[in-house]
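What follows is the residue order along each chain.
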Number of protein chains: 2
Amino acid sequence: MTELPETKVDVLIIGAGPAGLMLALWLSRLGVKTRIVDKRTAKVYSGQADGFQVRSLEILDSFGVAERVWKEANRMLEVSFWNPDENGTIQRSAKSVNTIPGLSRFTESVLHQGRIEQFFIDGIRASYPSNETPLQVERMVIPTSLEIDEAAAEDPDAHPVTVTLRHLTEEEATPTQMLSNLSDGIFRSNLAEDDVAGMLDRSKGREARDEVVRAKYVVGCDGAHSWTRKTLGKEFEMKGESTDAIWGVMDIVPITDFPDIRFRTMIQNTAGALMIIPRENRMVRLYIQLKEVSAGGGRVDRSQITPEFIFKSAQRIFSPYKLEYHYCDWWTAYQIGQRTGDHFSKLNRVFLAGDAVHTHSPKAGQGMNISMQDSYNLGWKIGLACKNILPRDVLSTYELERKKIAKDLIAFDGKFSKLFTGAPPKDIQTETGVSDDVFQKAFHTSRMFTTGVGVNYQPTVLVAKEADTDPDTDDLPNILVKSVAKSTQSLATNCKLGQRFPSYKVIRQSDARLWELHHKLPSNGRFRIVVFGGDISRPAQRDTVNALGAWLSSYLPKLPTIALCPASDPHSGEIKFKTDEDPSIVDVVLVHAAPRDEIDLLKDVHEAYHPFDSKLGWDYDKVFVDGETFYEEPERAYEKYGVGKGEGAVVGLRPDGYVGLVTFVGGDGAKQIQKWFDGIFQRS
Amino acid sequence: MTELPETKVDVLIIGAGPAGLMLALWLSRLGVKTRIVDKRTAKVYSGQADGFQVRSLEILDSFGVAERVWKEANRMLEVSFWNPDENGTIQRSAKSVNTIPGLSRFTESVLHQGRIEQFFIDGIRASYPSNETPLQVERMVIPTSLEIDEAAAEDPDAHPVTVTLRHLTEEEATPTQMLSNLSDGIFRSNLAEDDVAGMLDRSKGREARDEVVRAKYVVGCDGAHSWTRKTLGKEFEMKGESTDAIWGVMDIVPITDFPDIRFRTMIQNTAGALMIIPRENRMVRLYIQLKEVSAGGGRVDRSQITPEFIFKSAQRIFSPYKLEYHYCDWWTAYQIGQRTGDHFSKLNRVFLAGDAVHTHSPKAGQGMNISMQDSYNLGWKIGLACKNILPRDVLSTYELERKKIAKDLIAFDGKFSKLFTGAPPKDIQTETGVSDDVFQKAFHTSRMFTTGVGVNYQPTVLVAKEADTDPDTDDLPNILVKSVAKSTQSLATNCKLGQRFPSYKVIRQSDARLWELHHKLPSNGRFRIVVFGGDISRPAQRDTVNALGAWLSSYLPKLPTIALCPASDPHSGEIKFKTDEDPSIVDVVLVHAAPRDEIDLLKDVHEAYHPFDSKLGWDYDKVFVDGETFYEEPERAYEKYGVGKGEGAVVGLRPDGYVGLVTFVGGDGAKQIQKWFDGIFQRS
């Protein structure tokens, strides 16, 4: 056997769906040497996932890639509930708000998965200078073996994971179902088997091109049938349950007299249940309960499930309203079930993310979101570990933080799916079946979870807070379970430890422009110290804020620096001129509450808040005000962040925007900041 | 002499600056066969114009190309005035609002001209299906002769304009000044001569490639030294005056302790006057009075004007504040003067637009804006004439409407420049020189003009209003001077006849999404009937609105239809599915004021407001509400448009968004609508 060609890479990503692409985006922004391979011949062009929850949009926006989603997607603002009346005719029983108002600048939105895959690819390209070749998805490539050199697993400079990759021909990479029948919507459904085995079969005996990759880290983002998961062994198997219920999905341009067709709508009829998701491009997605088929007998008769069959069920549920269509963009069917794994990583060298480690029903629009959020959690940790900025053991917090979410997800989905599939009441007073009232209540109480904003990470070195009643940190190395810093949550009551820092509008001191504070905290690998300085027109408070600035100026140079890529500040437009040197891993932002015109940025405020560069002069983009402008109603950001204007607060943020520390501007604030960072960077 | 190759085209545009590109964008959206040539080797990369006024941003947004300007540009929100105190030291005398709040969703912004040229090019590409070659700028091409076949001038099917084009080599197309001295910032200034003659000289005796183009229309957008204008003859010469004052301009990244460096700032010091324009990318543009040079003796000594010389003047004016720089992006100098021509067109076959027909000083940020607005006014008229939708004589309204603006512009600029160059007062009480107070007042009273929102077009067939005291329509054919329709302005007091229709937010009936009404009125060639239907929950008012709908359904099919391009609805995202047939040249939008939940779009409202398509079903994007949502404060659009909720109003809009008709929903409204359109389309 001839020797295979061999290359080294920091991170190898298997799978270029939303989870894999999010990870690739993060790593491209951090300048980490990455490859990403996918078995498909091209990105998805229709169908699949479509729901964007508000936290996902915030995350995408932190990379500058949410704008196009937000523009092209359909926004679901209100939700409508329809049930049979006493005569069995469906009628609207309620219409209400779909996303909690004020939770975010975004609302739940829908757009087909192929568009976001394109936006990710464009966002990755923007990470590179125009004269460099950007990271690109290598398509029609599958892994065929994976080994970890366990002896080298803890060596930070080692490349202990060895993967063999096979480059397929186009014919090999095309799923057999696609070859035999182009209209088979089942081939990507969970009713179908994986297609990798078939690809390997077809590639046997051909001129297969193989290569060997040695990686520091490998991440399996390869979906519900994950090859990576299977390769890691039996203890990585997902567990859970399936129900017998089968649902059909169709993306159509409807021709209908149903009045709520452009609202998210739940219909529960005697003929079954149906959900309308109004989509971009005049389309709607219909989730349709298929009462006539069942997985009860073990396997489903797939030949029975055709678009015609699914659509007839939809028509019955819509009755007496008419439903027709001319265009069908995509269709599939699936069996409801919820499964997750016990392990998200092997030796902190091979990781699983997204559907590879949790699957569930699609109706709550969670899959793509939780998947992207998995790799958003993982990306900065792997990236900063590759750059030797973070100790490797911090990678253990990935499983801790995301396994809890996966468990919450399948618990939620199990409950939500059952509610949805319950027999509809004749009227909302009837106790048989799930009452409409119960369903509506469940829907609304689930919103904090489904938006993704409710995520609350556990106490670790990354989040300096007290343990909940059930710490659930058994798997975590002792050194990580608790930060040596101590937070004072009451100083910033709406900057909740372990939760994402919210965004409100603040005014830039230097030019009176209003900014979403999130836009000044982009995902570029930097931790943040947000100093809510309070009313610094009061001399005592100004002295306190400037004393902290002086301390930061002496402390921060002791921490690592980080090189920034061209897209590291995506909301400020083109960055043309270069600064003297790489900035600190910790970025400092001041938000004060003094009258704007009483503050002179250069004279009144310590240089830590407007650093000087010998070529670019002072930085005018680090000091913001909660106050008034000529153009907009006051935002009252301090009130919304839950910070007092007298004392202020310091909020420490992780690179993913989660709150890790809340402490004093004065007092022992500096000491707590130092403890928090030393606990993260300088553990021996 | 061998025969030259010959091609036919609807429109030939000479010059690919902002005026030419705006015209090319319009014509690409209308599907008109166009060529655009430019003598330069590439688009502008730095310097030149930088100011975007709010009306320009609205216009760019109507094509979907404002988003990137709005994102990348620096927004100028407040303006600061500095004058010497009694000791002669400059101090801030006032800081106030820069753009009138509430005037528009945009504010004045600055970004270098090269970026908008790129956005235009991208916007043109979006007009074409992906399998068609888009209109592209042909660079290094200059016209060498132009002739009009006057006998064929009024034949709508003729191509009576013949232009010979020369394709230059790269060396020929490079200005001589650039060849001799890369750092000569004067070469594009009005202190330099035109460079076309030099290009022609250098191309003599070479293998010059010439071709002949026969066009229906030719538009000269070729700048202050316009070859097109010169070729049209002596009566097209621009007239006006120049002052002796010379100003320098520098785009630098400043290093300074001046506190207002990120605000638009006017400094008047004993050493001279200076204006700060804070720019994108940490830059500022400085306009610097050069007291030591003058055009008094006829010609200026250009060798004296260097960046060092200009910058020293700036430092003197900034004193006692320090000013240094490391990066200089661009510099130039110019002599203040104002000139315009008497004729904007020859035989309505060859037109002039932009700097080709008006020049002035750059400080008020008007040049690029008025230029783009010239060709925005012209584009739909030429385009619809090429498609035989509009009678050719409507083209006469271009000169009528834009010559007035040009005259207002140079009058404004003459006054503004003089004020600005006036000696500064020792303090604002002193009567010597221009008092600070006078200057501030002049600045603020000029805002309606400088924003571009104050434009008020004269009565013609396009604008059904009574003549002002001075009708100034001498040049106009009789048939055009007055619409046979009669408006009732009082029905919609803030939809002013002859002015741009403002944009406020309304809620889409079908899905509760809030939209800027402008986003539903894109520049795609269509006229609009905006029906403010009032409270249609009242049966009588609903009947009135639906009677108008029934009438529109029978009348509109008598008018022409128009094919729409892929980018014709740029704010609704990707348009994937095709409608049955081309829509009417008149688009109908309903904005009602009934409680949203009391209206069923399909049942309560006539089909004219939600047209049916056999493949796409009902159109859910034509009915909007002024009311409440769960997410935002009510906009009170009716109040802002000045329309009563009882009676409502009908507002007729031209394809460029200017109000041409205000009439009744009931009464003789339908009759007036018919008269207005018949007066435009069906004159014999």
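Quick note: structure is the one above.
Quick caveat, the model's predicted, so the values are computed rather than measured.

Reading guide: rules and limits
Residues numbered from 1 in each chain as written. Chains lettered and ligands numbered in written order. Predicted model: local features only at pLDDT ≥ 70, side-chain atom pairs only at ≥ 80, totals over all residues. Heavy atoms only, no water. Core = buried A, V, L, I, M, F, W, Y, C linked by side-chain atoms within 4.5 Å. Buried < 20%, exposed > 50% of the residue type's maximum accessible area, 1.4 Å probe, protein only. Contact = heavy atoms within 4.5 Å. Helix = DSSP H or I, 4+ residues; strand = E, 2+ residues; numbered from the N terminus. Pairing = 2+ DSSP bridges. Axes fitted to C-alpha atoms, helices over the stretch in contact; angles between N-to-C directions. Salt bridge = Lys/Arg side-chain N within 4 Å of Asp/Glu carboxyl O.

## Structural notes on the nonpolar core
Among the nonpolar cores identified, the biggest contains 172 residues, and Leu-286 of chain A together with Leu-12, Ile-382, Phe-501, Phe-527 and Phe-677 of chain B are the most heavily contacted of them. Excluding residues within four positions of it along the chain, Ile-382 of chain B makes contact with Val-11, Leu-27, Tyr-217, Val-219, Phe-351 and Leu-395 of chain B. By size, the runner-up hydrophobic cluster in this structure holds 171 residues, among which are Val-54, Leu-232, Ala-356 and Ala-464 of chain A.

## Quick word on the pairing of strand β10 (residues 161-167) of chain A
Residues and elements named next belong to chain A. In terms of residue burial, β10 counts as a mostly covered element, since seven of its seven residues are buried. Burial along β10 is two-sided: Val-161, Val-163, Leu-165 and His-167 facing one way and Thr-162, Thr-164 and Arg-166 facing the other are all buried. Pairing of strand β9 (residues 141-148) with β10 involves seven bridges; the strand directions are antiparallel. Its bridge partner being in β10, Pro-143 is matched across the sheet by Leu-165.

## Details of the sheet that holds strand β22 (residues 527-534) of chain A
Residues and elements named next belong to chain A. The strand order across the open sheet built from seven strands is β21-β20-β26-β23-β22-β27-β28, with neighbouring strands paired in mixed fashion. Edge strands, defined here as strands with exactly one partner in the open sheet, are β21 (514-516) and β28 (659-663). Going across the sheet, the axis of each strand differs from the next one's by a mean of 30°, ignoring polarity. As paired strands, strand β20 (residues 505-508) and β21 are joined by three bridges and run antiparallel to one another. Bridged to Lys-505 within β21 is Glu-516. Together, β22, β23 (586-592) and β27 (649-653) form the strand contacts of helix α14 (residues 539-555), whose direction differs from that of β22 by roughly 160°.

## A short note on the pairing of strand β10 (residues 161-167) of chain B
Side-chain direction in a regular strand flips from residue to residue, so the side chains alternate between the two faces of the sheet. In the sheet, β10 of chain B pairs with strand β11 (residues 209-220) of chain B via seven bridges, with the strands oriented antiparallel. By the bridge assignment for β11 of chain B, Val-161 of chain B is matched with Ala-215 of chain B.

## Details of the pattern of salt bridges
Residue and element names in this part refer to chain B. Taken as a whole, this structure holds 86 salt bridges over all chains when the rule is applied. Note that Arg-264 is salt-bridged to Glu-108, the shortest N-O span being 3.0 Å. Of this pair, Arg-264 sits in strand β13 (residues 264-269) while Glu-108 sits in the loop between β6 (90-97) and β7 (109-110); the two residues are 156 residues apart in sequence, bridging distant segments of the chain. For the pair Arg-264 and Glu-108, one class covers both residues: buried. Here Asp-587 and Lys-622 are joined by a salt bridge, their closest N and O atoms 2.8 Å apart. Placement of Asp-587 in strand β23 (residues 586-592) and of Lys-622 in the loop between β25 (617-618) and β26 (623-625) is noted, with a sequence separation of 35 residues between them. Of the two residues examined, Asp-587 and Lys-622, each falls in the buried class.

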